[in-house]
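# Summary of structural features
Chain by chain, the residues run as shown.
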Amino acid sequence: MPTFGLVDCNNFYASCERVFQPGLAQRPLVVLSNNDGCVIARSQEAKALGIPMGAPLFKIRGIIRDHDVVVRSSNYALYGDLSERVMSLLAQEAPRAEVYSIDECFLDLHRLAVPDLSAWCADLRRKVRLWTGIPVSIGIGPTKTLAKIANKLAKASTRAGGVLDLVHHPDWIEPALRKTPVGDVWGIGRRWSSMLADRGIETAFDLSRAQDGWVRQRMGIVGLRTVHELRGISCHDLETEPAPKQTTCCSRSFGKAVSQREEVYSAVLSFAERAAEKVRAGNQVAGALQVFVSTDRFDTKAPQYSSAATIRFLVPTADARDIVKAAGQAFDKIWRTGFAYRKAGVLLLDLAEPGDRRAGLFDQRMCYSDDLMQAVDAINQRHGRGAIAFGLAPKSRGPLWAMKQDMLSPRYTTRWSDLAVARANEAANGALD
């Protein structure tokens, strides 16, 4: 029988904040979205206070004040690095692994030769916590969907100890399905959840008993596969090789509205450089580029404007010079004065491997230097992003479009100046003198 394990990091962003600040343990903590807008992560203590996911910061200031809630800006550099450490450890321990998201990983446990799978998973939990500082829960099931359900229950149950095995305890599957609202089933979104509730299907158990013909008619083959997975029939294998990207985007909501052309222009070209770097990291080239800008649609008193322009490359490229130049041309097409812009971005389209496309006989070949781009990427990786940038992008000190991060914690693992410093106890030092 197939055996899947789902490892999920508990309250991941909040847990990352606590790794290098142990004094935050047991304290309510929330992490905010870009520009310190809304709550996107909560510690268990913050959840207990009733702070909802997605709550705007200004609406919960009273709770923050009254309960001494710790607030942090999103520190994606820290979260990404700790995620890589967790996923690397999991990949070493299991025969096969699928990184599903920044805080979730499916493991293939079918061929794992261990006498007690639950004990092995419990030991894996301890190892991840010891080596990375991140607490995790593990759900085990004969399908990926059941492993998801097992994980959610393992996380919520104090008796489970962070591990729930539905493979070696098949009699637990029905109670687990009955405890799971249909809206919490993997792949069931709001629209399907509302439709199923109208039909009296309120739990995962109800859905597992639905007739195949009706499910296929109302939810298609995707929904039918979900039902089969709930019945213990595996329809989704591990995806150890992620599908090649078709597009990549670099965009940002500005910390405050910006009217100056040179500032928005600088932002767009900086995003173009970053998007080009992402494409090169994936060993791909882009066939087209799109630039978009927009004002704040929530500010009903301000004039509104949004637009986008697309430029197609004669020869697909990943050269930052080509991409930055095209971004500037697209920006010139859509720029309008008299507006306060709140967001801009660059989207690279029609991504493919470099050898997948050939230039036509009369195509103008653009200069693309693998060696130059590799050198630029290596220097930026070693000395920090932006150490080398292209002169096309004016570099202002403290750009107006910079993201608001007033409560940002240090980048403990990715910036030399932010490394944690261990100081010896003075009394211990004196005893050694």
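Residues numbered from 1 in each chain as written. Predicted model: local features only at pLDDT ≥ 70, side-chain atom pairs only at ≥ 80, totals over all residues. Heavy atoms only, no water.

### Observations concerning the environment of P56
Rules: Here a strand is any run of E in DSSP of at least two residues, a helix any run of H or I of at least four, and the numbering for each starts at the N terminus. The rule is simple: take the accessible area with a 1.4 Å probe, protein chains only, and divide by the maximum for that residue type; under 20% is buried, over 50% is exposed, in between is partly exposed. Pairs of residues are marked as contacts when any of their non-hydrogen atoms sit within 4.5 Å.
Position of P56 among the secondary structure elements: in the loop between α2 (44-48) and α3 (61-67). The class of P56 is partly exposed, set by a relative accessible area of 23%. Here the alpha-carbon distance between P56 and S33, two residues 23 residues apart in the chain, equals 9.4 Å. Those residues in contact with P56 that sit more than four places away from it in its chain are G37 and C38.

### Observations regarding the packing of aromatic side chains
Filter applied, for reference: The aromatic pairing rule takes the rings of Phe, Tyr and Trp, using the six-membered ring of Trp, and pairs them if the centres are within 6.5 Å, calling planes under 30 degrees apart stacked, those over 60 edge-to-face and the rest tilted. We count a charge as sitting over a ring when the NZ of a lysine or the CZ of an arginine lies within 6 Å of the ring centre and within 35 degrees of the ring normal.
The full count for this structure, using the stated rule, is 14 aromatic pairs. Judged by centre distance (6.0 Å) and plane angle (50 degrees), the ring pair of F12 and Y13 falls under tilted. Overall, F12 belongs to the buried group, its relative accessible area being 4%. Through pairs of rings, three or more aromatic residues link up here, namely Y265, Y305, F331, W335, F339 and Y341. Positioned above the aromatic ring of F106, the side-chain terminus of K144 is 4.6 Å from the ring centre.

### Focus: the layout of surface pockets
For the record, the criterion: Cavity: a set of points on a 1 Å grid over the protein atoms alone where a 1.4 Å probe fits but cannot get out. Pocket: an open set with protein on both sides within 12 Å along at least five of seven lines, its lining residues, like those of a cavity, having an atom within 4 Å of a point. Grid points are joined across faces, edges and corners, and a volume is the space filled by probe spheres set on the points. Amino acids are sorted into nonpolar (Ala, Val, Leu, Ile, Met, Phe, Trp, Tyr, Cys and Pro), charged (Asp, Glu, Lys and Arg) and polar (every other residue, Gly among them).
Considering only enclosed or pocket space, the second largest pocket measures out at about 530 Å³ in volume. In terms of lining, the second largest pocket is formed by 23 residues, of which the most central are D8, D103, E104, K152 and K155. Taken together, the elements giving at least two residues each to the lining of the second largest pocket come down to β1 (4-9), α1 (12-19), β3 (39-42) and α6 (144-156). Considering every element that reaches the lining of the second largest pocket, the biggest residue donor is α6, with six residues. Of the residues assigned to the lining of the second largest pocket, the class counts are twelve nonpolar, two polar and nine charged.

### Quick look at the environment of A318
Note that A318 resides in the loop between β11 (306-317) and α12 (320-334). Residue class for A318 comes out buried when judged on its relative accessible area of 0%. When the C-alpha atoms of A318 and G161 are compared, they prove to be 48 Å apart, with 157 residues separating the residues in sequence.

### A word on the side chain of S74
Cut-off, in case you're wondering: We define a polar contact as two N or O atoms separated by no more than 3.5 Å, with the added condition that, inside protein, one atom must be a possible hydrogen donor and the other a possible acceptor, whereas residues neighbouring each other in sequence contribute only through side-chain atom pairs.
With respect to the secondary-structure elements, S74 resides in the loop between β4 (70-72) and α4 (76-93). Under the relative-accessibility criterion, S74 is labelled buried at 3%. At 3.3 Å, the side chain of S74 and the side chain of Y76 are in polar contact. Among all residues touching S74, those that are not within four sequence positions of it are V31, L32, S33, N34, I40, Y79, Q405 and L408.

### Comments concerning the sheet that holds strand β2 (residues 29-32)
Definition in use: Any two strands with at least two DSSP bridges between them are considered paired. Helix axes are fitted to C-alpha atoms over the stretch in contact, other axes to C-alpha atoms as well, and angles between N-to-C directions run from 0 to 180 degrees.
The mixed open sheet is built from three strands, whose spatial order is β3-β2-β4. Of all strands in the sheet, those with a lone pairing partner are β3 and β4, marking the two edges. When the angles between neighbouring strand axes are averaged without regard to direction, this sheet yields 25 degrees. As defined by bridge partners, β2 adjoins β3 across three bridges and the pair is classed as antiparallel. In the sheet register, V31 faces β3, and the bridge partner there is A41. Strands in contact with α1 are β2, β3 and β4; relative to β2, the strand with the most contacts, it is inclined by about 110 degrees.

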